[in-house]
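# Per-entry structural report
The lines below spell out each chain.
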Amino acid sequence: MTREGKLLDGTHIADAILRIDSEAGERPLYYMIICTHSSIVQEALTPYKDAYKRIYGIKGNGSGKSPEELAKLDKPEADEPVQFAQNLVMLHKEFGFKILGGCCGTDSRHIEALCKLIYRT
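Parameters at a glance
Residues numbered from 1 in each chain as written. Predicted model: local features only at pLDDT ≥ 70, side-chain atom pairs only at ≥ 80, totals over all residues. Heavy atoms only, no water. Helix = DSSP H or I, 4+ residues; strand = E, 2+ residues; numbered from the N terminus. Contact = heavy atoms within 4.5 Å. Patch = residues over 30% accessible without salt bridge, like charges linked within 9 Å, V, L, I, M, F, W, Y side chains within 5 Å. Areas by Shrake-Rupley, 256 points an atom, 1.4 Å probe, with all protein chains shown as cover. Salt bridge = Lys/Arg side-chain N within 4 Å of Asp/Glu carboxyl O. Buried < 20%, exposed > 50% of the residue type's maximum accessible area, 1.4 Å probe, protein only. Arc of directions from axis to C-beta. Axes fitted to C-alpha atoms, helices over the stretch in contact; angles between N-to-C directions. Parallel < 35°, antiparallel > 145°, perpendicular 65-115°, else oblique. Left-handed = near helix turned anticlockwise from the far one by under 90°. Nonpolar A, V, L, I, M, F, W, Y, C, P; charged D, E, K, R; others polar.

### Details of the side chain of S38
Considering the arrangement of structural elements, one finds S38 in helix α2 (residues 38-45). Not counting chain neighbours up to four residues away, the residues in contact with S38 comprise N87, L88 and L91.

### What about a nonpolar patch on the surface?
Judged by side-chain polarity, L29, Y30, M32, I34, Y56 and I99 come together as a nonpolar surface patch covering roughly 580 Å² of accessible area. As for its placement among the helices and strands, I99 is situated in strand β3 (residues 99-102).

### With respect to α2
Three- or four-residue spacings in an α-helix give side chains the same orientation, since the helix completes a turn every 3.6 residues. Three or more residues of α2 are buried, namely S38, I40, V41, A44 and L45. Buried residues along α2 cover an arc of 160° about the axis, so they all sit on one side. At its buried positions, α2 is contacted by α1 (13-23), β1 (31-36), β2 (55-60) and α4 (81-95).

### Thoughts on the packing of α4 against helix α5 (residues 108-120)
Packing of α4 against α5 brings their axes to within 8 Å, and their N-to-C directions diverge by 50°. Compared by their axis directions, α4 and α5 come out oblique. The handedness of the crossing between α4 and α5 is right-handed. Between α4 and α5, the residues in contact are P81, V82, F84, A85, Q86, L88 and V89 and R109, H110, A113, L114, L117 and I118, respectively. Residues belonging to the contact of α4 with α5 are distributed by class as follows: ten nonpolar, two polar and one charged.

### Some thoughts on unusual backbone geometry
Even without glycine at this site, C35 takes up a positive phi of about 50°. When you line up the elements, C35 lands in strand β1. Taking the relative accessible area as the measure of exposure, C35 reaches 33% and is therefore partly exposed.

### Overview of the environment of R27
Mapped onto the elements of the fold, R27 is located in the loop between α1 and β1. In sequence terms R27 and G62 are 35 residues apart; their C-alpha atoms lie 30 Å from each other. In this structure R27 touches D21 and R54, once residues within four positions along its chain are discounted.

In C-alpha cells form, the structure reads like this:
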C-alpha cells in the first residue's frame, strides 16, 4: 500500500474492498494489510477511517522505506523491536485492528516486543 492508500497496481484500497465485496459470491470475513510499514498505513487510512472498518489486521513491514529502496539493500532493515510494537499497538487502538504481526524485516525480537506490549496494556 502507498501513503495515498493505493495498492501496487494503482487501485485505491477502498475501491478494491468495495469491488471484491460486490463481486464475490460470498464477501470475505475481513481484510488485512500485509507487508506495509505502520507509518504508511497510518497516513493512508487516517482520512478514511470509517471506510476501513472491515480491515481487521496488519502484518507490518519492518521498514518504512519503499519497496524499490528495500530491494537495493543487501540486508533486511527494520525499526527497533519496541518501536515496531508500539506502532502496531497504536494502529490497533486507532483503527481497531485485531490481528497484529510482522512481515519483511521483522524477526522473533519484534514479535516478542509486540507480545510483551500487548500483555502489558
